[in-house]
Amino acid sequence: METIKIKYFSDKIDKLAYIGGKSDWIDLRAAADVTLKAGEFKLIPLGVAMKLPKGYEAHIVPRSSTFKNFGVIQTNHYGVIDETYCGDKDQWFFPAYALRDTEIKVNDRICQFRIMEHQPALSFEEVPQLLDADRGGIGSTGIQ
């Protein structure tokens, strides 16, 4: 089991907890009250900084209920924080864009993260054919 060093910037949010057997994604919470008007962007503080193990990164995405509950989307759609972002002032943030007027309160669960190993080193080999069965389309839609 890996141990992650964490610094909290707020005592008003619940401490992080890994809940084994349910999901390996861990909820992150707003560390400040935030009011957004439709069309407005704000970085929402998440109240934590972490020292990730060497060779690991955190992947941050909205919770499935974030848009329904708050009407915001994550502007980078998928955040990645690597192990070099680990100083005392390196607080994590959620970049939010509001599609409707909304209020997010301290301790509201707005996103989630998981820790992943870095991708291994890769090389690419150009070939004239892949010689596998064609699915006959673009992506999974099958539309050309």
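Everything quoted here is computed from the prediction, not taken from an experiment.

Along strand 6 (residues 56-62), six of the seven residues are buried, which leaves the element largely enclosed by surrounding structure. Of the pairings in the sheet, the one linking strand 6 to strand 11 (residues 109-117) comprises seven bridges and is antiparallel in character. Bridging across to strand 11, Val61 finds its partner in Gln112. Pairing of strand 6 with strand 8 (residues 79-82) involves four bridges; the strand directions are antiparallel. Pairing of Glu57 across the sheet is with Asp82, part of strand 8.

Next up on the list: the side chain of Gln91. Of note, Gln91 is situated in the loop between strand 8 and strand 9 (93-98). Residue Gln91 is classed as buried on the basis of its relative accessible area, which comes to 13%. Looking at Gln91, its side chain comes within polar contact range of the main-chain nitrogen of Gly47, at 2.8 Å. Setting aside residues up to four positions removed in sequence, Gln91 forms contacts with Phe9, Ala31, Pro45, Leu46, Gly47, Val48, Ala49 and Tyr85.

We now examine the sheet that holds strand 9. In a beta sheet, neighbouring strands pair by backbone hydrogen bonds and run either parallel or antiparallel. Overall, antiparallel pairing links the three strands, which are arranged 4-9-7 in an open sheet. Two strands lie at the open edges of the sheet, namely strand 4 (41-45) and strand 7 (72-74), each paired on one side alone. Here the strands of the sheet are splayed against their neighbours by 40° on average, with no regard to which way each runs. Looking at chain direction, strand 4 and strand 9 are connected through five bridges and run antiparallel.

Okay, unusual backbone geometry next. Positioned with a positive phi, His77 is a non-glycine residue whose angle comes to about 65°. For His77, a relative accessible area of 57% corresponds to the exposed category. A positive phi is found at Asn107, a non-glycine position, where the angle reads about 80°. Here Asn107 shows up in the loop between strand 10 (102-104) and strand 11.

Below, the discussion takes up the packing of aromatic side chains. For the structure on display, the rule yields one aromatic pair. The residue whose ring lies beneath Lys15 is Tyr8, and the NZ or CZ to ring-centre distance is 4.0 Å.

Here the focus is the environment of Leu43. In this structure, Leu43 sits in strand 4. Between the C-alpha atom of Leu43 and that of Tyr97, which follows or precedes it by 54 residues, the distance is 8.9 Å. Ignoring any residue separated from it by four or fewer positions in sequence, one finds Leu43 in contact with Phe93, Phe94 and Pro95.

This paragraph deals with a nonpolar patch on the surface. A cluster of nonpolar side chains, Phe41, Leu43, Phe67, Ile73, Tyr85, Phe93, Tyr97 and Leu99, forms an exposed patch at the surface whose accessible area comes to about 700 Å². Those elements that provide at least two residues to the nonpolar patch are strand 4 and strand 9. Locating Tyr97 in the fold gives a position in strand 9.

Right, let's talk about the layout of surface pockets for a bit. Taken as a whole, the largest pocket spans an internal volume of roughly 520 Å³. Glu2, Ile4, Tyr18, Ile26 and Ile115 are the residues nearest the centre of the largest pocket, which is lined by 16 residues in total. Among the secondary structure elements, those contributing two or more residues to the lining of the largest pocket are strand 1 (5-8) and strand 11. Looking at the lining of the largest pocket, the element that brings in the most residues is strand 11, giving three residues. Residues of the lining of the largest pocket, tallied by class, amount to 12 nonpolar, one polar and three charged. Its boundaries defined by the atoms lining it, the second largest pocket holds a volume of some 320 Å³. What lines the second largest pocket is a set of 15 residues, and nearest its centre among them are Ile19, Trp25, Ile26, Asp27 and Arg109. Listing elements by their share of the lining of the second largest pocket, those giving two or more residues are strand 2 (26-29) and strand 11. Ranked by the residues each element gives to the lining of the second largest pocket, the list is headed by strand 2, at three residues. Its residues placed into classes, the lining of the second largest pocket shows five nonpolar, three polar and seven charged.

The rules behind these values
Each residue is numbered by its place in its chain's sequence as written, counting from 1. With pLDDT at 70 or above as the cut-off, local features in this predicted model cover only qualifying residues; side-chain atom pairs require 80 or more to be listed or tallied, and sums for whole chains, interfaces and linings still use all residues. With hydrogens and water excluded, all non-hydrogen atoms of the structure serve as input to the side-chain values. Exposure is judged per residue with a 1.4 Å probe applied to protein chains only, and the accessible area is read against the type maximum: over 50% gives exposed, under 20% gives buried, and values in between give partly exposed. Under the scheme used here, helices are H or I runs from DSSP no shorter than 4 residues and strands are E runs no shorter than 2 residues, and both carry numbers assigned from the N terminus. Strands are labelled as partners when DSSP assigns at least two bridges between them. As used in this structure description, the phrase polar contact means that two N or O atoms lie within 3.5 Å; if the pair is within protein, one of them must be able to donate a hydrogen and the other to accept it, and residues adjacent in sequence are counted only when both atoms belong to side chains. When checking whether two residues touch, look at their non-hydrogen atoms; a contact exists if any pair is within 4.5 Å. Here an angle of 0 to 180 degrees is reported between the N-to-C directions of two axes, which are lines fitted to C-alpha atoms, with helices fitted over the stretch in contact. Side-chain rings of Phe, Tyr and Trp (the six-membered ring for Trp) are treated as a pair once their centres are within 6.5 Å; stacked means planes under 30 degrees apart, edge-to-face means over 60, and tilted covers the remaining angles. Counting as a charge over the ring demands two things of the Lys NZ or Arg CZ atom: a distance within 6 Å of the ring centre and an angle within 35 degrees of the ring normal. The patches reported here contain residues having more than 30% relative accessible area and no salt bridge. Joining distances are 9 Å for like charges and 5 Å for nonpolar side chains (Val, Leu, Ile, Met, Phe, Trp, Tyr). Where accessible areas are quoted, they stem from the Shrake-Rupley method and a 1.4 Å probe; at the residue level, only the protein chains shown are allowed to cover. The working definition used for a salt bridge is a side-chain nitrogen of Lys or Arg within 4 Å of a carboxyl oxygen of Asp or Glu. The rule is simple: put a 1 Å grid over the protein atoms alone, call a set of points where a 1.4 Å probe fits but cannot get out a cavity, call an open set with protein on both sides within 12 Å along at least five of seven lines a pocket, and count a residue as lining if it has an atom within 4 Å of a point. Grid points are joined across faces, edges and corners, and a volume is the space filled by probe spheres set on the points. Just so you know the grouping, Ala, Val, Leu, Ile, Met, Phe, Trp, Tyr, Cys and Pro go in nonpolar, Asp, Glu, Lys and Arg go in charged, and all remaining residues, Gly too, go in polar.

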